[in-house]
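An overview of the molecular structure
One-letter residues, chain by chain:
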Amino acid sequence: MVAPCARSSAHIDSRRRAHDVPRPNREGFGVFYPITPRWNDNDQYGHINNVIYYEYFDTAVNGWLTDQCGRVTDLDALGVVAETGCRYLNSASFPEPLEVGMAVLRLGRSSVTYQLAVFPRGGHQPHVVGHFVHVYVDPHSRRPTEVPARVAAAVGTLLATDLSVHELASR
């Protein structure tokens, strides 16, 4: 007979810390990208399915980069997604208009780390907060390479200065 597992104090402490992290509001983000949910974004529970938020992150980052730098597929390096994460705070559903707030937490030699949040359009409190890491690679070798100059210049305008955004990303 196997004894039931008890939750370790480390697990409980990490959950408590996650809930104590301040929720960023819209003042922590430098730009907002509009998102129009589709009917099929809702799941059987009547809210936007969790995985769809990752699509919103990808659409917002690459849509904004395209607006700033031209077609992202025409750059000297490819931005591939190396890491994403999302924390769900409250639900949204079709047809509520949304927007993704974007800030840059880190601009490295070959990568960009974005802090993202999905807000009701014009709203102050996000439905979800997350992060998204682009690593730039050579299109032929697929090895990391420098962030293209046009991208670095554009994302440099979004470097986060709001402490709550930095605190959220560091936990």
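Residues numbered from 1 in each chain as written. Predicted model: local features only at pLDDT ≥ 70, side-chain atom pairs only at ≥ 80, totals over all residues. Heavy atoms only, no water.

Trp64, Leu65, Val100, Met102 and Tyr114 are the most contacted members of the largest nonpolar core, which has 33 residues in total. At the level of secondary structure, the elements contributing two or more residues to this core comprise strand E1 (31-35), helix H2 (52-69), strand E3 (98-107), strand E4 (111-120), strand E5 (128-137) and helix H3 (149-156). Counting eight residues, the second largest nonpolar core, distinct from the first, contains Phe29, Leu89, Ala103 and Ala117. (Core = buried A, V, L, I, M, F, W, Y, C linked by side-chain atoms within 4.5 Å. Buried < 20%, exposed > 50% of the residue type's maximum accessible area, 1.4 Å probe, protein only. Helix = DSSP H or I, 4+ residues; strand = E, 2+ residues; numbered from the N terminus.)

Turning our eyes to something else, we now look at the pattern of salt bridges. What the rule picks out here adds up to four salt bridges. With a closest N to O distance of 3.4 Å, Glu55 and Arg38 form a salt bridge. With Glu55 in helix H2 and Arg38 in the loop between E1 and H2, this pair connects stretches of sequence that are 17 residues apart. What makes Arg38 partly exposed here is its relative accessible area of 42%. With a shortest N-O distance of 3.6 Å, Asp74 and Arg71 are connected by a salt bridge. Each member of the pair Asp74 and Arg71 is classed as exposed. Salt bridges linked by common partners bring Arg38, Asp41 and Glu55 together as one network. (Salt bridge = Lys/Arg side-chain N within 4 Å of Asp/Glu carboxyl O.)

Let's shift gears to the pairing of E3. Of all the 10 residues making up E3, eight are buried; the element is thus mostly covered by neighbouring parts of the structure. Bridge count between E3 and E4: nine bridges; the pairing is antiparallel. Residue Leu98 lies in a different strand from E4, and its bridge partner there is Pro120. Once E3 ends, the chain turns through three residues before running back antiparallel as E4. (Pairing = 2+ DSSP bridges.)

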